[in-house]
Amino acid sequence: MNQDKYILTMLVENEPGVTARITGLFAGRGYNIETICGAPTANPKMSRITITTKANPLQLEQCKKQIKRLVNVIKLRDMTIEKAVKREMALICVKVTSETRKKIKQIITTHKGRMMDEGQQYYIFEVTGNENTIDELLALIEPFGIKKLARSGVLALYKES
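What you see is a predicted model, and the numbers here were worked out from it, not measured in a lab.

> Explain the sheet that holds strand β1 (residues 4-13) residue by residue, including any values.
In spatial order, the strands read β2-β3-β1-β4; together these four strands make up an open sheet with antiparallel pairing. Two strands close off the open sheet at either side, each with one partner strand: β2 (33-40) and β4 (73-78). Neighbour to neighbour, the strand axes of the sheet diverge by 15° on average, direction disregarded. By the bridge criterion, five bridges tie β1 to β4 in an arrangement that is antiparallel. In the strand pairing of β4, Leu11 is matched with Lys75.

> Tell me what's going on with the packing of aromatic side chains, and back it up with residues and numbers.
Under the defined criterion, the tally for this structure stands at one aromatic pair. On the basis of an interplanar angle of 80° and a centroid distance of 6.3 Å, the ring pair of Phe26 and Tyr31 is categorised as edge-to-face. Classification of Phe26 as buried rests on a relative accessible area of 1%. Seen from the ring of Tyr158, Arg77 lies directly overhead, with NZ or CZ sitting 3.8 Å from the centre. A cation sits over an aromatic face here: Lys147 above Tyr122, 4.6 Å from the ring centre.

> Outline empty space enclosed by the protein, listing residues and values.
Taking a probe equal in size to a water molecule and rolling it over the atoms shows the remaining empty space. Counted under the stated rule, the structure contains one cavity of 30 Å³ or more. Size it by volume and the largest cavity reaches roughly 40 Å³. Lining the largest cavity, in full, are Val18, Arg21, Ile22, Leu70, Val71, Asn72 and Val73. The element contributing the most residues to the lining of the largest cavity is helix α1 (residues 18-28), with three residues. Split by residue class, the lining of the largest cavity holds five nonpolar, one polar and one charged.

> Which residues make up the layout of surface pockets, and what are the values?
As a volume, the largest pocket reaches approximately 230 Å³. Lining the largest pocket are 13 residues; nearest its centre among them are Arg48, Thr50, Leu155, Ala156 and Leu157. Every element with two or more residues in the lining of the largest pocket is listed here: β2, β3 (46-55), β5 (84-95) and β9 (155-158). Among the elements that take part in the lining of the largest pocket, β2 stands out by supplying four residues, more than any other. Grouping the constituent residues of the lining of the largest pocket by class yields seven nonpolar, three polar and three charged.

Rules used throughout
- Residues numbered from 1 in each chain as written.
- Predicted model: local features only at pLDDT ≥ 70, side-chain atom pairs only at ≥ 80, totals over all residues.
- Heavy atoms only, no water.
- Pairing = 2+ DSSP bridges.
- Helix = DSSP H or I, 4+ residues; strand = E, 2+ residues; numbered from the N terminus.
- Axes fitted to C-alpha atoms, helices over the stretch in contact; angles between N-to-C directions.
- Phe/Tyr/Trp six-rings, centres within 6.5 Å; stacked < 30°, edge-to-face > 60°.
- Buried < 20%, exposed > 50% of the residue type's maximum accessible area, 1.4 Å probe, protein only.
- Lys NZ or Arg CZ within 6 Å of the ring centre and 35° of its normal.
- 1 Å grid on protein atoms, 1.4 Å probe; cavity = no way out; pocket = protein on both sides within 12 Å on 5 of 7 lines; lining within 4 Å.
- Points joined across faces, edges and corners; volume = space filled by probe spheres on them.
- Nonpolar A, V, L, I, M, F, W, Y, C, P; charged D, E, K, R; others polar.

What follows is the structure, encoded as structure tokens:
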């Protein structure tokens, strides 16, 4: 069956073991979590967990029903096609030479990246954007030699307007 990518965000009680129960639910049913981000909200008693997964529509519906049954889950929302602000951050370490420095800086600037460390042989920079923006940047930087890469995974908030 065809699998699509989905973004689920949930408001949960900020208590030990909540994330483990949610990830255990996914693992127990053979669903892969592509990305997961979790952190406290403005209310320290609650956290927001955002998960990106691939599933077919039937699997997704089953998964959402089971997540809603978990006692510590306050609210669950499928942000895949919702009006939402979706962002991801990446830290990228790329190899530089005297010949490639200018070109790499130009690519970073064009994608609104921010230089974090300028060494003799490597640049470390950060970039924030949607998944496609980061993927496009990585495709442009890859020929120069990516030494290290850390991606946050998708964060999403429903638009109030």
